[in-house]
Amino acid sequence: MGKVFGTGYFIISVSKMHGGAQKVVYKIDCSNGFSCVLYVWDLSMNYFKEEIANEDINEQSYGSDLFELNNKYLTQHGIQTPSLYDLNKERNRYPFDYALVEYVDGHKAEAFFHHSDPRIQDKVFQCLGDMLTGMHTNERHSYGNSNHSRINTENCHLLQLENAKAQLSYASQHIENIGSNQSKLLDTLYELESRIKPRTQYGFIHGELGPDHVLINDKLEPFLIDIEGAMFFDIEHEHSFLEFRFGDFYRYLKNDTLDPNRMLFYRFHHHISLTSGGLKLLHRGFPDQQFAKDLADHHAQCTMRFIEGFK
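A few points on the structure. (Residues numbered from 1 in each chain as written. Predicted model: local features only at pLDDT ≥ 70, side-chain atom pairs only at ≥ 80, totals over all residues. Heavy atoms only, no water.)

### Some words on helix 8 (residues 235–246)
For helix 8, with twelve residues, the first-to-last C-alpha span of 16 Å sits near the 16 Å given by 1.5 Å per residue. Counting buried residues along helix 8, ten of its twelve residues qualify, which places the element largely inside the surrounding structure. Among all positions of helix 8, only Ile235, Glu236, His237, Glu238, His239, Ser240, Phe241, Leu242, Phe244 and Phe246 are buried. Those residues of helix 8 that are buried are in contact with helix 4 (118–136), helix 5 (157–174), strand 8 (202–205), strand 11 (231–233), helix 9 (260–283) and helix 10 (289–308). Phi turns positive one or two residues past the end of helix 8, at glycine 247, with a value near 55°. (Helix = DSSP H or I, 4+ residues; strand = E, 2+ residues; numbered from the N terminus. Expected span 1.5 Å × (residues − 1). Buried < 20%, exposed > 50% of the residue type's maximum accessible area, 1.4 Å probe, protein only. Contact = heavy atoms within 4.5 Å.)

### Brief notes about unusual backbone geometry
Of note in the backbone geometry, leucine 220 takes a positive phi value of approximately 65° without being a glycine. For leucine 220, the location among the structural elements is in the loop between strand 9 (214–217) and strand 10 (222–224). A positive phi angle is found at aspartate 226, which is not glycine, with a value near 55°. With respect to the helices and strands, the residue aspartate 226 is situated in the loop between strand 10 and strand 11.

### Quick notes on helix 5
Given 3.6 residues to a turn, an α-helix orients residues that are three or four positions apart in the same direction. Counted at 1.5 Å a residue, the expected span for helix 5 with its 18 residues is 26 Å, and the 26 Å between its end C-alpha atoms agrees. Listed as buried for helix 5 are His157, Gln160, Leu161, Asn163, Ala164, Gln167, Leu168, Tyr170, Ala171 and Ser172. The inward-facing, buried residues of helix 5 contact helix 6 (176–180), helix 7 (182–194), strand 11, helix 8 and helix 9.

### Description of the sheet that holds strand 11
The antiparallel open sheet is built from three strands, whose spatial order is 7-8-11. The outermost strands of the open sheet, each flanked by one partner alone, are strand 7 (139–140) and strand 11. Note: strand 7 against strand 8, two bridges, orientation antiparallel. Among the inter-strand pairings, glutamate 139 is bridged to a residue of strand 8, identified as glycine 203. Sitting on the sheet, helix 8 touches strand 8 and strand 11, and the angle it makes with strand 8 is about 45°. (Pairing = 2+ DSSP bridges. Axes fitted to C-alpha atoms, helices over the stretch in contact; angles between N-to-C directions.)

### Section: the nonpolar core
By size, the foremost hydrophobic cluster in this structure holds 65 residues, and its most contacted members are Tyr39, Phe125, Leu128, Ile178, Leu224, Phe246 and Leu253. Those residues within four positions of isoleucine 178 in sequence are excluded, and the remaining contacts are Leu168, Ala171, Ser172, Leu185, Thr275, Ala300 and Met304. Counting residues in hydrophobic clusters, the runner-up holds nine residues, among them Ile28, Cys30, Leu38 and Leu100. (Core = buried A, V, L, I, M, F, W, Y, C linked by side-chain atoms within 4.5 Å.)

### Focus on the sheet that holds strand 4 (residues 84–88)
A sheet is described by the order of its strands in space; here five strands give the open sequence 1-2-3-5-4, paired in antiparallel fashion. Strand pairing shows two members of the sheet lacking a second neighbour, strand 1 (11–16) and strand 4, which therefore form its edges. Pairs of neighbouring strands in the sheet enclose a mean axial angle of 20°, with direction left out of account. Summarising the sheet, strand 2 (residues 24–30) and strand 3 (residues 35–41) pair through six bridges and their orientation is antiparallel. Bridged to valine 25 within strand 3 is tyrosine 39.

### Describing the pairing of strand 3
For strand 3, the buried fraction is high: seven of the seven residues fall into the buried class. The loop that links strand 2 with its antiparallel partner strand 3 comprises four residues; one of these, glycine 33, has a positive phi angle of about 90°. Sheet analysis places strand 3 next to strand 5 (residues 97–102), joined by six bridges and oriented antiparallel. Residue pairing across strands places valine 37 opposite valine 101, the latter belonging to strand 5.

### Quick look at the packing of helix 5 against helix 7
At a closest axis distance of 11 Å, the pairing of helix 5 and helix 7 adopts a crossing angle of 170°. The angle between helix 5 and helix 7 places the two elements in the roughly antiparallel class. On helix 7, the residues that touch His157, Leu158, Leu161, Ala164, Lys165, Leu168, Ser169 and Ser172 of helix 5 are Gln182, Leu185, Leu186, Leu189, Tyr190 and Glu193. Along the lines of polarity and charge, the residues of the contact of helix 5 with helix 7 split into eight nonpolar, four polar and two charged. (Parallel < 35°, antiparallel > 145°, perpendicular 65-115°, else oblique. Nonpolar A, V, L, I, M, F, W, Y, C, P; charged D, E, K, R; others polar.)

Geometry only, nothing functional implied.
The following block contains the structure:
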């Protein structure tokens, strides 16, 4: 802190914040009233380190390089995300990368689902909708990270097809209903994929944009957090996730130009992936075990409902 900000920044408290499954997050308070956030990318504390070691994580992203890249891209394009003060990748004192990031004093977007003033709800979610429209209209002809310039030879949805198959395999081992219907679920997955026509235009998406990944400051302005997975991709991947994460409030975020076949395919992929993700958190000692169980149970039920539509 002294090296980055100066000798007047004396730390009076460090408190662990509710972070994600792939990095640890702390709030730092100083005696002069300044606060900031510390991100730590410690692989030993990552709940998906097995997938990272096997290099079979694709949409789930990890690491300070991706955070730095996406922080710069979003900032340059006027999409609000907490400012990056300093990123340390030297690993000379610690075996991990860490960053000091702006502390946005506010609430996550999900807190406004139950706000008593509908005018404030309108302002918050309309502003978020405008931000996402602007972000998604940043387009190019190849998918991938913002610094990826090679032309892709296959369609991006095929990455999610392979991921869905892998996650379905994991879930089938632990949930009886999914295991006994695995072949039907695979048939459904292939049927949905077969309806998708090739495309060569991709928008910039967050990649996992739930209401817990949007901070709203005291001016009711939205800031995107957990941005490591942001990239150019089918925007239907984002919207199919937004649709069930924001529920009734998705009406502020919706886009009328989306491909319905991609929406359905990605929706199915999300449910399979979140079933498996919840199970992995449950099996690997995630602190909030009830959350992990509820996540797996809910999305397993959603996954099974897809079979009904394809009998």
